[in-house]
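Coordinate analysis (summary)
Chain by chain, the residues:
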Amino acid sequence: MATRVRLFISAGPDQEPARELLGRALAELPVNIGWLIKRTPDVASVAEAHLFAVLLGPDIWAPVGLELWWAMRTEKPVLAYRMAAMRTPAAHAFLQENAMLDWTRVLDLQQLRRAFLLDVSRFLMQHAERYGLTLLEAQTLSDYLGRLKQALPADLPEISTGAAGGGVILAPGKDEPAGAQLIGKE
């Protein structure tokens, strides 16, 4: 018997447009699958989910970390997306603590939508029987997956974030130690 996919989307309030977009993107799938989407802070809903998505913008918000921890503890498949942005120290620490995840870096909401649809399509193909996909629906989804792969850029350039790993920023003329020489200055 086919089951509805239970999806939990975890993100801070700054990612509300992205969360909304992902919910609407599911309607673009070329197969008729039932979805139950949760996005409220509720650890019980994480435990009941079949699939967990986490969105990271410039900062991390509570309870995203707890929700992700619970998803990993209950062995949920995790789709992790990080928007290309300058990050707060807390967001950098969150990424480092969760470096074991396969973070997909996206530049904008359009890339997020395509990457999410690609990941969800793969998930559905892997669990076709559980969610009641017919052979024709599986073929339609496979064709759709091929088109999505062509639409995604292979590698996105990294944006420099300055002294993300630590550093010192000096005010020329004020903070120069005796005998210091600025690099790149002739």
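In the block above lies the structure referred to throughout.
All of the points below concern the structure found in this document.

Reading the values: rules and limits
Residues numbered from 1 in each chain as written. Predicted model: local features only at pLDDT ≥ 70, side-chain atom pairs only at ≥ 80, totals over all residues. Heavy atoms only, no water. Core = buried A, V, L, I, M, F, W, Y, C linked by side-chain atoms within 4.5 Å. Buried < 20%, exposed > 50% of the residue type's maximum accessible area, 1.4 Å probe, protein only. Helix = DSSP H or I, 4+ residues; strand = E, 2+ residues; numbered from the N terminus. Contact = heavy atoms within 4.5 Å. Pairing = 2+ DSSP bridges. Right-handed = clockwise from strand over helix to strand, strands pointing away. Axes fitted to C-alpha atoms, helices over the stretch in contact; angles between N-to-C directions. Parallel < 35°, antiparallel > 145°, perpendicular 65-115°, else oblique. Left-handed = near helix turned anticlockwise from the far one by under 90°.

L29, W35, F116, V120 and L124 are the most contacted members of the largest nonpolar core, which totals 34 residues. For this core, the elements supplying multiple residues, two or more each, are β1 (5–10), α1 (16–25), β3 (51–56), β4 (78–83), α5 (109–126) and α6 (135–151). In terms of residue count, the dominant contributor to this core is α5 (eight residues). Ignoring anything within four residues of it in the chain, the contact list for L29 reads W35, L117, V120, S121, L124, L141 and Y144. Ranked by size, the runner-up nonpolar core spans 16 residues in total, among them F8, F52, L68 and F94.

On a regular strand, one side chain projects to one face of the sheet and the next to the other, so that they alternate. Of the pairings in the sheet, the one linking β1 to strand β2 (residues 35–38) comprises four bridges and is parallel in character. Paired with V5 across the two strands is W35, which belongs to β2. For the segment spanning β1, α1 and β2, crossover handedness is right-handed.

One can describe the packing of α5 onto α6 by two numbers: an axis separation of 9 Å at closest approach and a directional angle of 150°. Judged by the inter-axis angle, α5 sits roughly antiparallel to α6. Seen from above, α5 lies across α6 with left-handed handedness. Residues R114, L117, L118, S121, R122, L124 and M125 of α5 form the contact with α6, whose own contacting residues are A138, L141, S142, Y144, L145, L148, K149 and A151.

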